[in-house]
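Close look at the chain arrangement
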Amino acid sequence: MSIFPGWEKYAVRQKRPESGCIPTGYEMLLRAAEVEKINFDSFQDEFDLDKDRKPGEMPRNDFVSVANLLHQKYPSVIINIRTFPSGEEKLKFIENCLSNHRLVLISLSLAPFGQSGWHIMPVVDANQENLLLLNGVDENGKLDLKSFRKVDIVNIHNNHPGGNDVAYLESF
């Protein structure tokens, strides 16, 4: 049995792979909660602070900056962000959210995969050993899912810089 039956209908394609994983993730959180009065047609354009970033400019998208912009436009929407000093604490929190059927976005360092930066992905399912993350949705609507062993999530957190945060919809 899935932790979030039917989550697939809330999955959205990321318009800008270079910059838009946080706005895309927040859009999915809001869609899954069936929050009304949100303009999803322009959501990723409106809440991607880096959509017009020039080469060499510092990125502005992060969990907090995008959540604050979202809250300014929709005051009832509160995205909570938690930062964890250890991977064990992060995993325990994720598992607690999942047991309460709360969809969460996690930040995962890309360093162990030979890349720089982080990727933000919703945790859409889990079992005793693994977390299933939605890596993306292609132009044909095909879901790109990544299964990570929980022990690997902990090790990535503990051994690579960044990727220490989790975001979730607190209220709407």
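What comes next concerns the included structure. Every chain is numbered independently, its residues counted from 1 as its sequence is written. Only residues with pLDDT of at least 70 are given local features in this predicted model, and only at 80 or more are side-chain atom pairs given and counted; all residues enter the totals for whole chains, interfaces and linings. Derived side-chain values reflect all non-hydrogen atoms in the structure, with water molecules and hydrogen atoms excluded from consideration.

Remarks on the pattern of salt bridges
Quick reminder of the rule: Counted as salt bridges are all cases of a side-chain nitrogen of Lys or Arg within 4 Å of a carboxyl oxygen of Asp or Glu. Numbering of helices and strands starts at the N terminus; helices are DSSP runs of H or I of at least 4 residues and strands are runs of E of at least 2. Throughout this description, buried means an accessible area under 20% of the type-specific maximum (1.4 Å probe, protein chains only), exposed means over 50%, and partly exposed covers the range between.
Using the criterion set out here, one finds 9 salt bridges in the structure. When the shortest N-O distance is used, the salt bridge between Glu-27 and Arg-31 registers 2.8 Å. Taken together, the residues Glu-27 and Arg-31, both in helix H1 (residues 21-32) and 4 residues apart, mark about one turn of the helix. Taking the relative accessible area as the measure of exposure, Glu-27 reaches 3% and is therefore buried. The residue Arg-149 makes a salt bridge to Asp-152 at a minimum N-O spacing of 3.0 Å. Taking the relative accessible area as the measure of exposure, Asp-152 reaches 27% and is therefore partly exposed. Within this structure, Lys-15, Arg-16, Asp-45 and Asp-48 form a network of salt bridges that share partners.

Let's talk about the nonpolar core
Definition in use: What is meant by a nonpolar core is a set of buried Ala, Val, Leu, Ile, Met, Phe, Trp, Tyr and Cys residues, joined one to another through side-chain atoms within 4.5 Å. Any two residues having at least one pair of non-hydrogen atoms within 4.5 Å are treated as being in contact.
Judged by nonpolar contacts, the single largest core of 50 residues is most densely connected at Tyr-26, Leu-30, Leu-70 and Ile-79. No other element matches the 6 residues that H1 contributes to this core. Not counting residues up to four positions away in its chain, the partners in contact with Ile-79 are Tyr-26, Leu-29, Ala-67, Leu-70, Ala-167, Tyr-168, Leu-169 and Glu-170.

Points about the packing of aromatic side chains
What counts is decided by this rule: Any two of the Phe, Tyr and Trp rings considered here, Trp counted by its six-membered ring, make a pair once their centres fall within 6.5 Å; the pair's planes then place it as stacked at under 30 degrees, edge-to-face at over 60, or tilted in between. Note on criteria: charge over ring means Lys NZ or Arg CZ within 6 Å of the ring centre, with the direction from the centre no more than 35 degrees off the ring normal.
Summed over the entire model, instances satisfying the criterion amount to 7 aromatic pairs. Residues Tyr-26 and Phe-63 carry aromatic rings whose centres are separated by 6.2 Å and whose planes lie at 20° to one another, so their mutual orientation is stacked. In this pair, Tyr-26 is assigned in helix H1 and Phe-63 in helix H3 (residues 63-73), connecting sequence segments 37 residues apart. For the pair shown, Tyr-26 and Phe-63 are each scored as buried. Between the aromatic rings of Phe-40 and Phe-43, the centroid separation amounts to 6.0 Å while the plane-to-plane angle is 45°, which identifies the pairing as tilted. Side by side, Phe-40 and Phe-43 carry an identical accessibility label, which is buried. Here the aromatic cluster, defined as three or more aromatic residues joined through ring pairs, consists of Phe-40, Phe-43, Phe-47 and Tyr-74. The lysine or arginine in question, Arg-31, covers the ring of Phe-40, its NZ or CZ lying 4.3 Å from the ring centre.

Examining the packing of helix H4 (residues 87-99) against helix H5 (residues 150-159)
Angle between the axes and distance between the axes are the two parameters that describe a pair of packed helices. Stated formally: Interaxial angles span 0 to 180 degrees and are taken between N-to-C directions of axes, which are lines fitted to C-alpha atoms, for helices over the stretch in contact. Put simply, angles under 35 degrees are roughly parallel, angles over 145 are roughly antiparallel, angles from 65 to 115 are roughly perpendicular, and the rest are oblique. Crossing handedness: left-handed means the near helix sits turned counterclockwise from the far one by under a right angle, and right-handed means the same turn made clockwise. Classes in brief: Ala, Val, Leu, Ile, Met, Phe, Trp, Tyr, Cys and Pro nonpolar; Asp, Glu, Lys and Arg charged; the others, Gly included, polar.
Where H4 contacts H5, the axes come no closer than 8 Å and their chain directions differ by 135°. As summarised for this structure, H4 and H5 are arranged oblique, according to the angle between their axes. The interaxial crossing formed by H4 with H5 has right-handed handedness. On H5, the residues touching Gly-87, Glu-88, Lys-90, Leu-91 and Glu-95 of H4 are Lys-150, Val-154, His-157 and Asn-158. By residue class, the composition of the contact of H4 with H5 is 2 nonpolar, 3 polar and 4 charged.

Some thoughts on unusual backbone geometry
Its identity as a non-glycine residue notwithstanding, Glu-34 has a phi of 55°, on the positive side. In this fold, Glu-34 is placed in the loop between H1 and helix H2 (43-47). Under the relative-accessibility criterion, Glu-34 is labelled exposed at 52%. With a phi close to 55°, His-101 is a non-glycine residue in the positive phi region. Position of His-101 among the secondary structure elements: in the loop between H4 and strand E2 (104-109). By relative accessible area, which is 54% here, His-101 ends up exposed.

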